[in-house]
Structure formats: structure tokens, C-alpha cells
Amino acid sequence: GAVVSQHPSWVICKSGTSVKIECRSLDFQATTMFWYRQFPKQSLMLMATSNEGSKATYEQGVEKDKFLINHASLTLSTLTVTSAHPEDSSFYICSPSEQTREQYFGPGTRLTVT
Amino acid sequence: QQQVKQSPQSLIVQKGGISIINCAYENTAFDYFPWYQQFPGKGPALLIAIRPDVSEKKEGRFTISFNKSAKQFSLHIMDSQPGDSATYFCAASGGKLIFGQGTELSVKP
């Protein structure tokens, strides 16, 4: 099965600082990367979609200057939360996809902004 | 039209019973309907998925029933076990996954 890793699994940061989350597809090439955000007791909400080497496409209501996505290689994508605020505290999940379109999910990163 | 509506929000089932979760969609362009299981603090894991050219798919204790004309699909968990206690999400895709609201399942021993 597909193996996806995320790092860190949990991060606490102070308000106003930036945090970078890494997502790696360990045994397949991710031509497309999806990033989701999940608040407690809620569903997964798609934040953005990126194809390797291209700029990300953001969903309506997601600030592209706040959530920077880099998908520079077929096995690595990063999400940087810039100038984080307490309302950005959430569970962030990456989902790499192969050309077959099946999506696999990472274990998630819990971000707490104090 | 992009919504996927899931019910119930929570479900309590006795061990050995059948758990049934329902989803409905509107967009007829959706062509892939997966179900995911998520434990607290973990990412979702694919349980079973179906495409609209079949009406039912079974994998072990998990069965998807799909009604294309009604635009509805459901997950049946047979012989439910306490280890099945988790949150279940249906989803639909026409290129990117749209998730239902989730069902918190609790299986009582």
C-alpha cells in the first residue's frame, strides 16, 4: 500500500510565527497534492491542490498568501502557515495522488498556535 | 451542487449488529465514491470505494450499496466490533474529493 509521511506530527508555535509542514510520498510519485484542514469534530475541508512544478490552486476562502504550498518534487510537498494565529490551530492533512487519481492520506499534523 | 450529505451524525450499535451510514450527492459528474475510516488524531484511511457502474461492492464485513438514480450510496458494516468505533466519512469525486460531514460510530460491547 501507499505510504505517506507528514512531519511534524504535532507542533506548537507562538502567534505571528511561521510553521512549515512536510508531506512525503514514500513509495509512489505524487503528481498531484491535496492539502486539507480539519477542525475538531468536523469534516475535511480542501484547502488547495497543486501539481508538481506548478503553482497551487486554492479553494474559495483560503488565503494563498497565508498558506504557502510548494510541490517541487514528485515525493515532497510543503505547507507553510505564515504569521500563524490561534484561529489557524487545526489538523492539517496532506493527500498525494498518483496519475490513477486515487488519493492517499498522510497521518496529519496538529498545529496549535498560542 | 458540490455537497455530499451524510447521515446520521452519530450512531451507536451493539457488538455484532449492523451499522448503516447513508450519503447523498447532487453532482452527476461524480464518478468515484469512497468511504474512509478515521481514528482520533490520525489521517483518514480508505475502507472501500465504488464506481457508478456497479450497484454493490463487498469487501469483508464492509459493503457499499449504490443507487445511481437516487444519487445515494451507503456503507454497511456487518458484525460490528468495538474496534470499528471511529468516524466514518463518505466522499465523492469528479477529480477532487468532496467529503460528507462524518458519522461518529460507537460499537458497544
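The coordinates are above.
Predicted model only: the values in this text are computed from it and were never measured.

Rules used throughout
Residues numbered from 1 in each chain as written. Chains lettered and ligands numbered in written order. Predicted model: local features only at pLDDT ≥ 70, side-chain atom pairs only at ≥ 80, totals over all residues. Heavy atoms only, no water. Salt bridge = Lys/Arg side-chain N within 4 Å of Asp/Glu carboxyl O. Buried < 20%, exposed > 50% of the residue type's maximum accessible area, 1.4 Å probe, protein only. Helix = DSSP H or I, 4+ residues; strand = E, 2+ residues; numbered from the N terminus. Pairing = 2+ DSSP bridges. Axes fitted to C-alpha atoms, helices over the stretch in contact; angles between N-to-C directions. Contact = heavy atoms within 4.5 Å. Polar contact = N/O pair within 3.5 Å; in protein donor to acceptor, adjacent residues only side chain to side chain. Buried area = accessible area lost by both parts, 1.4 Å probe. Nonpolar A, V, L, I, M, F, W, Y, C, P; charged D, E, K, R; others polar. Disulfide = S-S within 2.5 Å.

Colleague: Before we move on, could you go through the pattern of salt bridges and cite the residues and values that matter?
Modeller: Residue and element names in this part refer to chain A. This structure, assessed with the given rule, holds 6 salt bridges over all chains. Between E22 and R24 there is a salt bridge; the shortest N-O distance is 3.5 Å. Look at R24 and you get partly exposed, because its relative accessible area is 34%. Across the salt bridge formed by K66 and D88, the nearest N and O atoms sit 2.9 Å from each other. With K66 in the loop between β6 (57–58) and β7 (67–70) and D88 in the loop between β8 (76–81) and β9 (90–97), this residue pair connects regions lying 22 residues apart in the sequence. For the pair shown, K66 and D88 are each scored as buried.

Colleague: Give me the lowdown on the sheet that holds strand β1 (residues 4–7) of chain A, citing residues and values where you can.
Modeller: Residue and element names in this part refer to chain A. The 4 strands lie next to each other as β1-β3-β8-β7, forming an open sheet whose pairing is antiparallel. Two strands bound the open sheet, and with one partner strand each, they are β1 and β7. Strand after strand, the sheet turns through a mean of 15° between neighbouring axes, direction not considered.

Colleague: So, the environment of S95(A): which residues are in play, and what are the values?
Modeller: All names here are of chain A. Among the secondary structure elements, S95 is positioned in strand β9. When its relative accessible area of 0% is taken as the criterion, S95 is described as buried. On a C-alpha basis, the gap between S95 and F34 in space is 4.9 Å, while along the polypeptide they are 61 residues apart. With residues up to four places along the chain from it excluded, the contact list for S95 reads T32, M33, F34, Y36, Q103, Y104 and F105. There is a polar contact of 2.8 Å between the side chain of S95 and the side chain of Q103.

Colleague: Quick rundown of the sheet that holds β6(A)? Include the residues and the values.
Modeller: Residue and element names in this part refer to chain A. Ordered in space as β2-β10-β9-β4-β5-β6, the 6 strands form an open sheet in which the pairing is mixed. Pairing within the sheet leaves two strands with one partner each, and these edge strands are β2 (10–13) and β6. For β9 and strand β10 (residues 109–113), the ladder comprises 3 bridges, and the chain directions are antiparallel. The residue bridging F91 from the neighbouring strand is R110, located in β10.

Colleague: Describe in detail the interface of chain B and chain A, supporting the description with residues and values.
Modeller: In this assembly, 19 residues from chain B lie in contact with 17 residues from chain A. The contact between chain B and chain A buries some 1300 Å² in all, and 50% of this surface belongs to carbon and sulfur atoms. Applying the counting rule to chain B against chain A returns 2 salt bridges. Residue E59(A) is joined to K96(B) by a salt bridge in which the shortest nitrogen-to-oxygen separation is 2.8 Å. Connecting chain B to chain A are 5 residue pairs in polar contact (both at pLDDT 80 or more). Broken down by secondary-structure element, the contributors of at least two residues to the side of chain B that touches chain A are β4 (33–38), β9 (86–93) and β10 (97–99) of chain B. Split by residue class, the side of chain B that touches chain A holds 7 nonpolar, 8 polar and 4 charged.

Colleague: I'd like to hear about the environment of L68(A), residue by residue, with values.
Modeller: Within the secondary structure layout, L68(A) lies in strand β7. Not counting the four nearest positions on each side in its chain, L68(A) is found in contact with Y58(A), T78(A), L79(A), T80(A) and T82(A).

Colleague: Which residues make up the state of the cysteines, and what values go with them?
Modeller: Scanning the entire structure with this criterion turns up 2 disulfides over all chains. Two residues share a disulfide in this structure: C23(A) and C94(A), whose sulfurs sit 2.0 Å from each other. Between C23(A) and C94(A) the disulfide shows an S-S torsion of about 70°. By sign, it is right-handed. Taken together, the positions of C23(A) in strand β3 (residues 19–25) and C94(A) in strand β9 put the pair 71 residues apart, joining distant regions of the chain. Just as C23(A) is buried, C94(A) falls in that class too. Bridging C23(B) to C90(B), the disulfide has an S-S length of 1.9 Å. In this structure, the disulfide formed by C23(B) and C90(B) twists by about -95° around the S-S bond and is classed as left-handed. Highlighted residues: C23(B) in strand β3 (residues 19–25) and C90(B) in strand β9, separated in sequence by 67 residues. Comparing C23(B) with C90(B) shows no difference in burial state: the two are buried. Left without a disulfide partner, C13(A) is nearest to the cysteine sulfur of C94(A), which lies 18 Å away.

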